[in-house]
Amino acid sequence: EVLADPFLLVAPMWRDGPVTYRRFWGRWFVPGYAEAQTVLNHSAASAGADIAALVDDVWPYTRLSPSTKRFYQDWMLLRDGVDHARIRRLVSRAFTPRRTAQLTTSIEAEVTALLDEVAHHGRIEMVEAFNRRLPIRVIGSLLGLPEDRREWAGEMVAGIATFLDPSNSLDPARLDATVQEFRHRLVPLIEARRREPTDDLLGDLVAPDDDGRTLTDDEVMANAGFLVFAGHDTISGMLGTAMLALADHPEQRELVAADPGLWPNAIEELLRWDPPVVAVLRRATEDIDLGLHQIPAGASISVELAAANRDPRRWDDPWELRLDRPD
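Not measured: the values here are computed from a predicted model.

1. Concerning the overall build of the protein chain
Within the protein chain one finds 15 helices and 7 strands. Relative to the compact-globule value of 20 Å for 327 residues, the protein chain shows a C-alpha radius of gyration of 21 Å, a close match. Split into buried and exposed, the 327 residues of the protein chain put 44% on the buried side. Considering only intrachain contacts with a sequence separation of at least 6, the fraction spanning at least 24 residues in the protein chain is 66%. About 17,300 Å² of surface is accessible on the protein chain, with carbon and sulfur atoms providing 55% of the total.

Structure below.
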């Protein structure tokens, strides 16, 4: 039920306040907006320590091969401090104003092509026909993957994503095979770009920075995998939840249809209303002071993004979808 409607848990969470410890889970839950901001910006709230504890101590993650564990631990999202800053700095070079302008043009072309393909159908299954296909085409183009490997990259995403669902879909042997295949296909592309630089994201990932530092092949491979996953899964999900929200709120759909200039603000509100990632995990490497509560060093923390986005202390009407919301 919660997978179908994450907000079933929001009201019960708020009855316990913006920060609470649940003994059953052995974890602190943070649904408060200000408290979530504090944790996410705190140097002692470690993504790396949490993933390390997960793969070392929690079944079935303990059954993954060392190379598969390393693949996820090398993700920029799951690194902290200096390592995170180093990888992020190298990745961010790909998102210059020039590259972003080129990306806008290519996204518009991909959207038009996909809509042309389905325009003659009276009804379509939107997730499969559009939502899943658009982002993998865009991220594949951005990375510089050959066209014949972009559909394959989408298949890899499905396998990589099983890491997030240990109860239902994670099969350690199958995930090991997926990561091994991804490495087998991607490393030759990485080596080719080291020999001959290219003007794409994969080329940017292998290029040295101003100080001559580079990512290792494993770091390039892992973060290319992360970008394929993050650039596909969250965008596909956000397109789906946004379409559902507009269908459920026809007056808001009419509002933005009548005034397309509202779209930048509308996107922020749709992300607040139903984000594609509803929670993130951290581990406290030292005590974290949240005012009335202090999370002790070593504790596991779940930052409840969807709940924080409906914090009644932050908005007077958090359960209302308003595409023209000023904040």
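2. Here we look at empty space enclosed by the protein
On inspection of all chains with the given rule, the structure shows 1 cavity of 30 Å³ or more. Taken together, S67, R70, F71, D74, R183, D218, M221 and A222 form the lining of the largest cavity. Listing elements by their share of the lining of the largest cavity, those giving two or more residues are α4 (66-73) and α12 (217-248).

3. Quick word on the sheet that holds strand β4 (residues 280-284)
In space, the 5 strands of this open sheet follow the order β1-β2-β7-β4-β3, with mixed pairing throughout. Taken across any chain shown, the strands that pair with only one partner, and hence form the sheet edges, are β1 (20-22) and β3 (45-46). In this sheet, strand β2 (residues 27-30) lies alongside β1 in antiparallel orientation, the contact comprising 3 bridges. Opposite R22, over in β2, you have R27 as the bridge partner. The strands touched by helix α2 (residues 33-40) are β2, β3, β4 and β7 (300-303); relative to β7, the strand with the most contacts, the crossing angle is about 125°.

About the thresholds
Residues numbered from 1 in each chain as written. Predicted model: local features only at pLDDT ≥ 70, side-chain atom pairs only at ≥ 80, totals over all residues. Heavy atoms only, no water. Helix = DSSP H or I, 4+ residues; strand = E, 2+ residues; numbered from the N terminus. Rg over C-alpha atoms; globule rule 2.2 N^0.38 Å. Buried < 20%, exposed > 50% of the residue type's maximum accessible area, 1.4 Å probe, protein only. Contact = heavy atoms within 4.5 Å. Areas by Shrake-Rupley, 256 points an atom, 1.4 Å probe, with all protein chains shown as cover. 1 Å grid on protein atoms, 1.4 Å probe; cavity = no way out; pocket = protein on both sides within 12 Å on 5 of 7 lines; lining within 4 Å. Points joined across faces, edges and corners; volume = space filled by probe spheres on them. Pairing = 2+ DSSP bridges. Axes fitted to C-alpha atoms, helices over the stretch in contact; angles between N-to-C directions.

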